[in-house]
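Breakdown of the fold
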Amino acid sequence: MDDVPETGSEAIRLEALWRGDFGDDYVDRNAGGYELREAFWNDLFDTIGFQSVLEVGCNVGGNLRWLVPLLRSGASFGIDVNTKAIARLHAEVPGVNAISGPGRDLPFRDRWFDLVFTMGVLIHQPDSTLPLVMSEMVRTSARWVFMGEYFAEETTEVHYRGHDSALFKRDYGAIFAELFPDWVQADSGFLSRDAGWDDVTWWLFERRNR
């Protein structure tokens, strides 16, 4: 258990970064960058037919706003460490159940959601906390886990807006498959800036034994 203090301190450092002015600036900087995403979420819904969702690191709801109209009332959830983002989400997308908290300790029951997903969130997890966040996604998902993140064949740190150890490109699909062999990769793809995203690779995994 010698690594527990290091894991905790690194998680706290990153969460404090996103909870404070740095995270608030991100909220303001990206407030209007989600208008082209509707088609993707409609296609995914038509393909796999999920009935409830949780977005880990939901920010202001740039993804959830397109999912609320597709699902029954009360079936769309989000969690984020930045309270400014959550407040804006409540104001702009009132159909989302959104709370403040870290992805490494989700306050939801096992297998509570059909789909648990991230979009540009795992890239901000260090090696020490990445498995914790993935494990929580797996624990709370009944069937599907979706990850949209920056890809690299080997873990590559990117200096991010004046901060070290705050953004990592990885092969998140391979990492997930190694950590959770009871899940099978159902699909993958790429989302470009021209389509309203940020050049991210995505992976969709399905629980093998339901």
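Report on the accompanying structure.

About the criteria used
Residues numbered from 1 in each chain as written. Predicted model: local features only at pLDDT ≥ 70, side-chain atom pairs only at ≥ 80, totals over all residues. Heavy atoms only, no water. Helix = DSSP H or I, 4+ residues; strand = E, 2+ residues; numbered from the N terminus. Rg over C-alpha atoms; globule rule 2.2 N^0.38 Å. Buried < 20%, exposed > 50% of the residue type's maximum accessible area, 1.4 Å probe, protein only. Contact = heavy atoms within 4.5 Å. Lys, Arg positive; Asp, Glu negative; His and termini not counted. Charge placed at Lys NZ, Arg CZ, Asp CG, Glu CD. Arc of directions from axis to C-beta. Phe/Tyr/Trp six-rings, centres within 6.5 Å; stacked < 30°, edge-to-face > 60°. Core = buried A, V, L, I, M, F, W, Y, C linked by side-chain atoms within 4.5 Å. Pairing = 2+ DSSP bridges. Axes fitted to C-alpha atoms, helices over the stretch in contact; angles between N-to-C directions.

Helix and strand counts for the protein chain stand at seven helices and nine strands. The globule rule puts the C-alpha radius of gyration for 210 residues at 17 Å, and the 16 Å found for the protein chain is close to it. Along the three orthogonal principal directions, the C-alpha set of the protein chain runs to about 45 × 40 × 35 Å. Counting over 210 residues, the protein chain shows a buried share of 49%. Looking at the protein chain alone, contacts between residues at least 24 apart form 67% of all its contacts between residues at least 6 apart. Averaging the locations of the 20 positively and 34 negatively charged side chains of the protein chain gives two centres separated by 5 Å.

A few words on helix H3 (residues 38–48). Residues of H3 that are buried include every one of Phe40, Trp41, Leu44, Phe45 and Ile48, and no others. Down the axis of H3, the sector holding all buried residues measures 130 degrees, keeping them to one side. Contacts from the buried residues of H3 go to helix H4 (64–67), strand S4 (113–119), strand S5 (141–149), strand S8 (183–191) and strand S9 (200–207).

With that settled, consider the packing of aromatic side chains. Any pair of aromatic rings gets described here by the distance separating the centres and the angle formed by the planes. Summed over all chains, the structure comprises 17 aromatic pairs. Taking 5.4 Å as the distance between ring centres and 75 degrees as the angle between the ring planes, the aromatic pair formed by Phe40 and Trp197 counts as edge-to-face. You can see Phe40 sitting in helix H3 and its partner Trp197 sitting in the loop between S8 and S9, a full 157 residues away along the chain. Accessibility assignment for this pair places Phe40 and Trp197 in one class, buried. Ring centres of Phe146 and Trp202 lie 5.5 Å apart, and the angle between their planes is 20 degrees; on these two criteria the pair is classed as stacked. With Phe146 in strand S5 and Trp202 in strand S9, this residue pair connects regions lying 56 residues apart in the sequence. Taken as a pair, Phe146 and Trp202 share a single burial class, namely buried. An aromatic cluster of three or more residues is present, and its members are Phe40, Trp41, Phe117, Phe146, Trp197 and Trp202.

Although it is not a glycine, Arg111 sits at a positive phi angle of roughly 55 degrees. The topology assignment puts Arg111 in the loop between strand S3 (97–100) and S4. Phi at Arg161 takes a positive value of approximately 50 degrees, unusual for a residue other than glycine. By secondary structure assignment, the location of Arg161 is in the loop between strand S6 (156–157) and strand S7 (168–169).

What follows concerns the nonpolar core. Judged by nonpolar contacts, the single largest core of 61 residues is most densely connected at Trp41, Leu44, Phe50, Leu54, Phe146, Met147 and Phe176. Once residues lying within four places of it in the same chain are set aside, the contact partners of Phe176 are Met134, Val138, Val145, Met147, Trp183 and Phe205.

With that settled, consider the sheet that holds S4. Across the sheet, seven strands lie side by side as S3-S2-S1-S4-S5-S9-S8; this open sheet has mixed pairing. In the strand order of this sheet, the two ends are held by S3 and S8, each with one partner. In this sheet, adjacent strand axes meet at a mean angle of 15 degrees when their direction is disregarded. As paired elements, strand S2 (residues 76–80) and S3 share four bridges and run parallel to each other.

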